[in-house]
Amino acid sequence: MRILHTSDWHLGQHFMGHSRQAEHQALIDWLLIQVQTHAVDAVLIAGDIFDTGAPPSYARELYNQLIARLHQAGVSLLLLGGNHDSVSVLGESRDLLAYLDTTVVAAVGEVSQHVLTLPLHGSAQAPGCIVCALPFIRARDVVQSQPGQSAQDKQQALQNAIQSTYAQVYAAAQARQAQIEQDTGQRLPIIATGHLTTVGASSNDSVREIYVGTLDAFPTKAFPPADYIALGHIHQPQKVGGLEHIRYSGSPIALGFDEARQTKQVLLVDVNAQGLQAVTALPVPVLQPLASVRGTLEALPA
């Protein structure tokens, strides 16, 4: 199975007085070409689909266009909520979008809601992989504050709760994997998702936390042993801890001047019964150049 991993689109971003609508439209057009050229089975967006909890109408229009065009291409779509996304906005059309081969996981719920089976291209019957589909995990969803807790205590409690959530979902995914293998003789690979900062990840100024109670950094060793872990939240594409199977795809367009020199990309992820086979970066063309100019007031005009 081939999955296209991307994240942090921030549809509706208004940057330095300018709309990014034209850039995001060009990104969607480019992505649809890549999906067809590279025979992608499913697209996974690991959080921060929108820039704000109340996205403008044109951002919602782009969102709907992406969903409709991928459905028309026979490609399933998995959307995970990020820290910028509104749970209610993403969730309001979840049931409707299920008819368009799109699965939305906006927030943490029952374990069974986070274990999904993604089908191969154009097929609702032939499964290609199992996904531990976890979005941004808010502290209020998994922990309760206790009297007398220090800030460090709260951080540790949140880390433990997130690790426990991953462990429970992964155990349920393994159970489904075993059942499918027993029924069909086919072993499906397991992919996990996340929208968070991990230990050792290189961040930048454009990444901002907008919720109180977030975790500074989640230890890499606390992730379950999935075949591939698709992460969002950090805008710079990178391997985590040098590991091939734990990746941030990064944002597909530069969301700040500190990202102007980054080569933006999406990731093609190939998995089969033996696990991860390859991760291939597809560079995203620069749709709107950004540049910083530094100097004295006398020198800048020249």
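As the structure is a prediction and not an experimental result, all values here were calculated from the model.

The rules we used
Residues numbered from 1 in each chain as written. Predicted model: local features only at pLDDT ≥ 70, side-chain atom pairs only at ≥ 80, totals over all residues. Heavy atoms only, no water. Pairing = 2+ DSSP bridges. Helix = DSSP H or I, 4+ residues; strand = E, 2+ residues; numbered from the N terminus. Axes fitted to C-alpha atoms, helices over the stretch in contact; angles between N-to-C directions. Contact = heavy atoms within 4.5 Å. Parallel < 35°, antiparallel > 145°, perpendicular 65-115°, else oblique. Nonpolar A, V, L, I, M, F, W, Y, C, P; charged D, E, K, R; others polar. Phe/Tyr/Trp six-rings, centres within 6.5 Å; stacked < 30°, edge-to-face > 60°. Buried < 20%, exposed > 50% of the residue type's maximum accessible area, 1.4 Å probe, protein only. Right-handed = clockwise from strand over helix to strand, strands pointing away. pLDDT = per-residue confidence, 0-100.

(A) Molecular detail of the sheet that holds strand β1 (residues 2-6). The mixed open sheet is built from six strands, whose spatial order is β6-β5-β4-β1-β13-β14. Edge positions in the open sheet fall to β6 (102-105) and β14 (275-283), since each of these has one partner strand only. Along the sheet, successive strands turn relative to each other by an average axial angle of 20 degrees, direction set aside. For β1 and strand β13 (residues 265-272), the ladder comprises four bridges, and the chain directions are antiparallel. Considered in β13, the bridge of I3 is made with V269. Along the sheet, helix α2 (residues 57-72) contacts β4 (42-46), β5 (76-80) and β6; its crossing angle with β5, the most-contacted strand, is approximately 150 degrees.

(B) Representation of the environment of Q236 within the structure. Positionally, Q236 belongs in the loop between β10 (228-232) and β11 (238-240). Each C-alpha atom of the pair Q236 and S251 lies 6.9 Å from the other, and the pair is 15 residues apart in sequence.

(C) Expanded view of the packing of helix α1 (residues 21-37) against α2. Viewed as axis vectors pointing N to C, α1 and α2 meet at an angle of 10 degrees, and their least axial separation amounts to 11 Å. What the angle tells us is that α1 and α2 run roughly parallel. Residues Q21, H24, Q25, I28, D29, L31, L32 and V35 of α1 form the contact with α2, whose participating residues are Y58, L62, Q65, L66, R69 and L70. Its residues assigned to classes, the contact of α1 with α2 comprises eight nonpolar, four polar and two charged.

(D) Inspection of the sheet that holds β11 at higher detail. Strands sit in the order β7-β8-β9-β10-β12-β11 across an open sheet of six strands; the sheet is mixed. In this open sheet, the two strands that pair with only one neighbour each are β7 (115-119) and β11. Within the sheet, the average angular offset between the axes of one strand and its neighbour, ignoring direction, is 35 degrees. Direction of pairing for β7 relative to strand β8 (residues 127-132): antiparallel, over a ladder of five bridges. Each bridged residue has a counterpart across the sheet, and for L118 the counterpart in β8 is C129. Along the sheet, helix α6 (residues 151-184) makes contact with β7, β8 and β9 (190-195), crossing β8 at roughly 160 degrees.

(E) Representation of the packing of aromatic side chains in the model. Scanning the model with the defined rule gives five aromatic pairs in all. A centroid spacing of 5.5 Å and a plane angle of 85 degrees characterise the contact between Y166 and F223, whose relative ring orientation is edge-to-face. Within this pair, whereas Y166 is found in helix α6, its partner F223 is found in the loop between β9 and β10, the two being separated by 57 residues in sequence. Of the two residues, Y166 and F223, both sit in the buried class. Taken together, the aromatic side chains of Y166, F218 and F223 make up a single cluster linked through ring pairs.

(F) Up close: the environment of V169. With respect to the helices and strands, V169 occurs in helix α6. Sequence-wise, V169 and A133 are 36 residues apart; in three dimensions their C-alpha atoms are separated by 8.4 Å. Leave out the neighbours within four places in its chain, and V169 touches V111, H114, V115, C132 and L134.

(G) Seen up close, the pairing of β4. The element β4 is largely enclosed, with a buried count of five among its five residues. Burial along β4 is two-sided: the face carrying A42, L44 and A46 and the face carrying V43 and I45 are both buried. Two strands pair when backbone bridges link them, and β1 and β4 are joined in this way by four bridges, in the parallel orientation. Among the inter-strand pairings, T6 is bridged to a residue of β4, identified as I45. Relative to β5, β4 runs parallel, the two being bridged by five bridges. By the bridge assignment for β5, I45 is matched with L79. At this point the chain moves from β4, through α2, to the parallel β5, and the crossover so formed is right-handed.

(H) Summary view of the confidence of the model for the chain. Here the chain shows a mean pLDDT of 90. Residues at 70 or above account for 93%. Contacts from residues 209-213, a stretch scored under 50 in pLDDT, to residues over four places away or in other chains number twelve contacts.

(I) Inspection of unusual backbone geometry at higher detail. At M16, a residue that is not glycine, the phi angle is positive and equals roughly 50 degrees. Within the secondary structure, M16 is located in the loop between β2 (14-15) and β3 (18-19). Given a relative accessible area of 60%, M16 falls into the exposed group. We note that D48 has phi near 55 degrees; this positive angle belongs to a residue other than glycine.

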